[in-house]
Amino acid sequence: MSVSRVFSFKENRPVLYMVATPIGNMEELPPRAIRVLEASDLIACEDTRRTGNLIKMALGKEKPLVCLEKFREREVAPKIIEELKSGLTVSYMSDAGYPLISDPGSLLVDMAIQEGIPVSVVNGSSAFLSGLVPSGLATDHFYFEGFLPSKSGARKKRLEHLKNLDVTLIFYEAPHRIEETLKDLREVLGNRQAVIARELTKIHEEFLRGSLEELLGLDQETIRGEIVLLVEGAKEVHEEVSEEDVLMALRIALSKGLSGKDAVEEVSSSLGIKKKQVYSLYLSHLAD
């Protein structure tokens with residue numbers, strides 16, 4: 001298989017532009033995006049009404065639009081490729097943030113690449129980066145998961161695969177599921193530090209920082225809007241931690257009124273020791 005080398009702008013031919021859109025604040029649409037949209041013959045998008053309003057605001061006029069939402073991508077993408085091959089310049093915009101990042105567009109990009117059509121991104125807003133940078137959690141290494149499964153069993157199973165990653169974990173979540181997701185995170189990952197970043201760049205932007213347990217203690221009805229959920233990574237396992245260190249930590253946790261189960265989970269998370277090991281010490285020394 002030979003290497004494919006495609007210059008985006010050296011040859012005089014149409015380009016498929018993936019245009020990042022503002023995640024809330026319309027002032028974040030950059031001048032280059034406006035210029036590219038102005039030069040586009042066709043604009044594909046998830047929601048033609050929402051994108052149409054953005055285009056009118058940015059350009060002061062309408063542009064031809066085609067709907068490429070999730071369930072129509074397989075049907076519509078080939079038609080867009082034909083338009084590109086005929087010489088038209090096409091832009092694709094998701095509803096907010098970057099196309100393909102928990103949004104449609106991957107099939108369109110794959111088909112364009114297969115046809116040798118240049119694909120270029122117009123840089124802009126990203127919800128998960130806008131949540132990560134001010135979060136206070138580690139930014140040198142992170143893992144973006146996107147949306148977890150909606151059902152608890154599948155969600156926990158996925159979290160089991162992520163729990164040993166020693167990097168900041170980043171999720172998207174819907175407000176009606178945030179409480180159940182926090183519970184599952186607490187159960188599988190332990191009581192780690194976490195941040196809920198909601199309504200980013202909008203007038204009601206808010207960062208809620210605390211342990212997963214503390215976040216669960218909030219009035220969940222107040223956690224509304226678009227949510228980025230960030231959780232600290234697994235801590236390095238400290239083999240040098242002695243049994244006495246573990247027992248002391250357990251006594252402190254129990255003195256705070258925690259149940260045996262919760263005390264074991266807290267100590268396991270804070271000391272980076274397997275829960276089974278902590279539970280064994282709890283049973284042999286502290287359980288009634």
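Everything here concerns the structure above.
Residues numbered from 1 in each chain as written. Predicted model: local features only at pLDDT ≥ 70, side-chain atom pairs only at ≥ 80, totals over all residues. Heavy atoms only, no water.

**A few points about helix α7 (residues 178-189)**
Taking 1.5 Å per residue, 12 residues should reach 16 Å; α7 reaches 16 Å between its end C-alpha atoms and fits that length. Those residues of α7 not exposed but buried are I178, T181, L182, D184, L185, R186, V188 and L189. Summarising the contacts, the buried residues of α7 are in contact with α6 (152-162), β7 (168-173), β8 (193-198), α8 (212-216), β10 (227-231) and α10 (260-271). Once α7 finishes, G190 follows within two positions and takes phi at roughly 90°, a positive value. (Helix = DSSP H or I, 4+ residues; strand = E, 2+ residues; numbered from the N terminus. Expected span 1.5 Å × (residues − 1). Buried < 20%, exposed > 50% of the residue type's maximum accessible area, 1.4 Å probe, protein only. Contact = heavy atoms within 4.5 Å.)

**Focus: unusual backbone geometry**
Not every positive phi belongs to a glycine, and S102 is a case in point at roughly 60°. With respect to the helices, strands and loops of the structure, S102 is situated in the loop between β4 (90-93) and α4 (106-114). The phi torsion at E199 lies on the positive side, around 55°, for a residue other than glycine. Within the secondary structure, E199 sits in the loop between β8 and β9 (206-211).

**Things to note about the packing of aromatic side chains**
For the structure shown, the criterion picks out 6 aromatic pairs. On the numbers, 6.3 Å between centres and 25° between planes, the contact of Y279 with Y282 is stacked. A residue pair is termed a helical-turn pair when its members lie 3 or 4 positions apart in one helix, as Y279 and Y282 do in helix α11 (residues 275-285) at 3 residues. A relative accessible area of 15% means that Y282 is categorised as buried. One aromatic cluster in this structure is built from F128, F142, F144, F147 and Y172. A cation sits over an aromatic face here: K10 above F7, 4.5 Å from the ring centre. (Phe/Tyr/Trp six-rings, centres within 6.5 Å; stacked < 30°, edge-to-face > 60°. Lys NZ or Arg CZ within 6 Å of the ring centre and 35° of its normal.)

**Thoughts on the environment of E115**
Within the secondary structure layout, E115 lies in the loop between α4 and β5 (119-122). Note on E115: relative accessible area 44%, which makes it partly exposed. The spatial distance from the C-alpha of E115 to the C-alpha of E232 is 42 Å, given a sequence separation of 117 residues. Apart from the residues lying within four places of it in its own chain, the contact partners of E115 are I81 and K85.

**A word on the nonpolar core**
In terms of nonpolar packing, the biggest core is built from 20 residues, with F171, L185, I196, L229 and V231 touching the most fellow members. Going through the elements one at a time, α6, β7, α7, β8, α8 and β10 are the ones with two or more residues in this core. Looking at this core element by element, the count peaks at 5 residues for α7. Residues L16, I80, V109 and A112 belong to the second largest nonpolar core, which totals 17 residues. (Core = buried A, V, L, I, M, F, W, Y, C linked by side-chain atoms within 4.5 Å.)

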